[in-house]
Amino acid sequence: MASRPAFNLCLGPDAVLLREHIDAQLAAFPPASGQAWKIRVFWGDAPLEAQFWHALGMQDLFQTPQALILRRANQAPLEQLKKISAALGGIPPQTWPFICLETEYEKGKPKIPATLARLKFYAFALEKGWVTGIPPLDQRGKSSFIKKNALALGLRLSAADLDRLGHFLPQDAGAIRLEMEKLALAADASGRPAPEAVQMLGQEPDLDIFAFLRGLQSGRRPEQIWIQFHKDRAGTSDAGLFGFLGMLLREARQLWQLLAGEPTSLPAFVVESKRSLAQNLGYTGLARIWDLALRADKGVKSGEHSPDQAFEFLLAELFRLFQGGK
């Protein structure tokens with residue numbers, strides 16, 4: 001049997017997928033004492049508590065197995081990373097650190113800050129095979145994630161249900177899990193969700209997003225849409241914003257298809273109004289929507305903006321775009 005790594009580096013932008021990987025590792029290497037791992041989470045983008053350094057460098061009096069999860073380590077100050085690098089050379093045997101570098105992928109590989117890549121603990125982990133890249137969900141990965149969550153929640157979904165979920169849910173594991181849990185609440189004793197619960201995925205958000213864009217186009221500031229978004233989504237978690245961005249990008253993709261004369265799955269009664277909006281925006285305007293949405297996504301995941309700040313900036317720039325700004 002393979003021996004447990006002294007520590008792990010986990011690279012990827014999706015916090016839910018990172019945690020799934022860590023949980024799988026902990027299950028694969030249970031403590032020899034028979035106790036369960038005590039999971040403790042710390043954050044690299046904030047001053048690390050004394051408990052982190054104590055657990056990282058000192059033997060626990062009761063020999064409690066501890067999994068130390070350091071989130072957003074890529075945002076930690078260089079001096080703090082150097083201190084962590086030095087401390088990882090003397091980890092107590094009952095402590096298992098997981099250093100999470102929540103970094104974006106570029107050309108299929110995680111982007112590693114040059115300063116971090118030069119630190120000893122990174123090179124050592126790379127040599128030992130203790131570095132794992134966890135890429136964000138692509139379309140294929142999203143479908144697999146939906147099926148896995150359906151199985152875990154005891155949901156019985158038809159092929160049509162799975163197709164609809166795969167089409168409308170964003171490529172964000174947290175947002176997908178949230179929507180799947182909602183479906184589980186709407187399921188009967190056999191695990192079949194109510195048909196209207198599945199149908200709501202795609203119908204109601206489509207109308208909201210389209211009304212949102214049409215409101216911008218008409219020159220009216222969409223205060224009511226913002227208030228509802230803030231109440232239902234942005235105030236709860238990052239997943240709310242990412243779900244909104246997923247719907248916005250899907251809307252932009254449909255508008256692009258209509259502008260290019262490509263077939264869509266849209267009902268005939270909404271095609272004409274959406275085609276009119278697409279023609280008013282043109283390819284340049286639609287590309288700008290993609291750019292703004294991706295900036296908002298990056299701003300939150302990099303820690304530069306909170307979800308509320310990112311949405312406010314996105315809203316202001318979209319309003320400017322629809323009023324003829326560049």
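Residues numbered from 1 in each chain as written. Predicted model: local features only at pLDDT ≥ 70, side-chain atom pairs only at ≥ 80, totals over all residues. Heavy atoms only, no water.

### Notes on the side chain of Asp-172
Counted only if it meets this: Counting from the N terminus, the helices are DSSP H or I runs at least four residues long and the strands are E runs at least two residues long. Throughout, exposure labels follow a simple rule: accessible area from a 1.4 Å probe, protein chains only, divided by the maximum for the residue type, with under 20% read as buried, over 50% as exposed, and the rest as partly exposed. The positive count covers Lys and Arg only, the negative count covers Asp and Glu only, and His and the chain ends enter neither. Here, a salt bridge means any Lys or Arg side-chain nitrogen found within 4 Å of an Asp or Glu carboxyl oxygen. Whenever a nitrogen or oxygen atom comes within 3.5 Å of another N or O atom, the pair is scored as a polar contact, on the condition that within protein one atom can donate a hydrogen and the other can accept it, and that pairs from neighbouring residues in sequence are kept only if both atoms are in side chains. Two residues qualify as a contact provided that any one of their heavy atoms is within 4.5 Å of a heavy atom in the partner residue.
In this structure, Asp-172 sits in the loop between α7 (159-168) and α8 (173-185). Put simply, Asp-172 is tucked away with no salt bridge, and the nearest opposite charge, on Lys-301, sits 4.9 Å away. Engagement of the side chain of Asp-172 in a polar contact is seen with the backbone nitrogen of Gly-174, the distance being 3.3 Å. A polar contact is formed between the side chain of Asp-172 and the backbone nitrogen of Ala-175, at a distance of 2.8 Å. Setting aside residues up to four positions removed in sequence, Asp-172 forms contacts with Asp-14, Leu-137 and Phe-242.

### Considerations on helix α6 (residues 139-152)
Three or four residues apart is the spacing at which side chains of an α-helix point the same way, because the helix has 3.6 residues per turn. Where we set the bar: Every helix has an expected span of 1.5 Å times one less than the residues it contains. This arc is built from the directions going out from the helix axis to the C-beta atoms.
A rise of 1.5 Å per residue sets the reference length of α6, with its 14 residues, at 20 Å; its end C-alpha atoms lie 20 Å apart and thus fit the reference within 8%. Taken as a whole, α6 has its buried residues at Lys-142, Phe-145, Ile-146, Asn-149 and Ala-150. Relative to the axis of α6, the buried residues are bounded by an arc of 135 degrees and lie together on one face. More than 90 degrees from the buried face of α6, the exposed residues found are Arg-140, Lys-147, Leu-151 and Ala-152. Buried-residue contacts for α6 involve α1 (15-28), α7 and α8. Of the residues flanking the start of α6, the one acting as N-cap is Asp-138, its side-chain oxygen 3.3 Å from the backbone nitrogen of Arg-140.

### Focus on the sheet that holds strand β4 (residues 95-101)
What counts is decided by this rule: Any two strands with at least two DSSP bridges between them are considered paired. Axes here refer to lines fitted to C-alpha atoms; in helices the fit is confined to the stretch in contact. Angles between the N-to-C directions go from 0 to 180 degrees.
If you trace the five strands from one edge of the open sheet to the other, you get β2-β3-β4-β1-β7, paired in parallel fashion. Every interior strand has two partners, whereas the edge strands, β2 (38-43) and β7 (131-133), have only one. Neighbour-to-neighbour, the strand axes of this sheet turn through a mean angle of 20 degrees, independent of strand direction. Note: strand β1 (residues 8-11) against β7, three bridges, orientation parallel.

### A word on the packing of aromatic side chains
Short version of the rule: Centre distance within 6.5 Å is the pairing criterion for rings of Phe, Tyr and Trp, where only the six-membered ring of Trp is used; planes under 30 degrees apart are then read as stacked, over 60 as edge-to-face, and the remainder as tilted.
Scanning the entire structure with this criterion turns up nine aromatic pairs. Here Phe-7 and Trp-130 contribute two aromatic rings whose centre-to-centre distance is 5.3 Å and whose plane-to-plane angle is 75 degrees, an arrangement assigned as edge-to-face. With Phe-7 in the segment before β1 and Trp-130 in the loop between α5 (120-128) and β7, this residue pair connects regions lying 123 residues apart in the sequence. The residues Phe-7 and Trp-130 share a single accessibility class, namely buried.

### A look at the environment of Ala-175
Within the secondary structure, Ala-175 sits in helix α8. Distance in space between the C-alpha atoms of Ala-175 and Leu-241 is 9.3 Å, their sequence separation being 66 residues.

### Looking at the pattern of salt bridges
Between side chains of opposite charge, a pair can form when the charged atoms approach closely. This structure, assessed with the given rule, holds 15 salt bridges. Lys-148 is the salt-bridge partner of Glu-20, the closest N and O atoms lying 2.7 Å from each other. Placement of the pair is Glu-20 in helix α1 and Lys-148 in helix α6, with a sequence separation of 128 residues. When its relative accessible area of 23% is taken as the criterion, Glu-20 is described as partly exposed. By relative accessible area, Lys-148 is classed as partly exposed at 42%. With a closest N to O distance of 2.4 Å, Glu-102 and Arg-71 form a salt bridge. One end of the pair, Glu-102, is in the loop between β4 and β5 (105-106); the other, Arg-71, is in strand β3 (residues 66-71), and 31 residues separate them in sequence. Neither Glu-102 nor Arg-71 differs from the other in exposure class; each is buried.

### Quick word on unusual backbone geometry
We note that Arg-72 has phi near 50 degrees; this positive angle belongs to a residue other than glycine. For Arg-72, the location among the structural elements is in the loop between β3 and α3 (78-87). Its identity is not glycine, yet Lys-107 carries a phi of approximately 55 degrees, on the positive side. On the secondary structure map, Lys-107 appears in the loop between β5 and β6 (109-110). What makes Lys-107 exposed here is its relative accessible area of 84%.

### Considerations on the layout of surface pockets
What counts here: Residues are said to line a cavity or pocket when one of their atoms sits within 4 Å of a point; the points come from a 1 Å grid over protein atoms alone, cavities being sets where a 1.4 Å probe fits but cannot get out and pockets being open sets with protein on both sides within 12 Å along at least five of seven lines. Grid points are joined across faces, edges and corners, and a volume is the space filled by probe spheres set on the points. Polar here means any residue other than Ala, Val, Leu, Ile, Met, Phe, Trp, Tyr, Cys and Pro, which are nonpolar, and Asp, Glu, Lys and Arg, which are charged; Gly is therefore polar.
Approximately 700 Å³ is the volume attributed to the second largest pocket. Looking at side-chain class alone, the lining of the second largest pocket contains 13 nonpolar, five polar and nine charged residues.

### Here's the deal with the environment of Gln-171
You can see Gln-171 is positioned in the loop between α7 and α8. Separated by 34 residues in sequence, Gln-171 and Leu-137 have C-alpha atoms that sit 5.6 Å apart. Those residues in contact with Gln-171 that lie beyond four places of it in its chain are Leu-137, Asp-138, Gln-139 and Lys-142. A polar contact of 3.0 Å, which involves the side chain of Gln-171, links it to the backbone oxygen of Leu-137.

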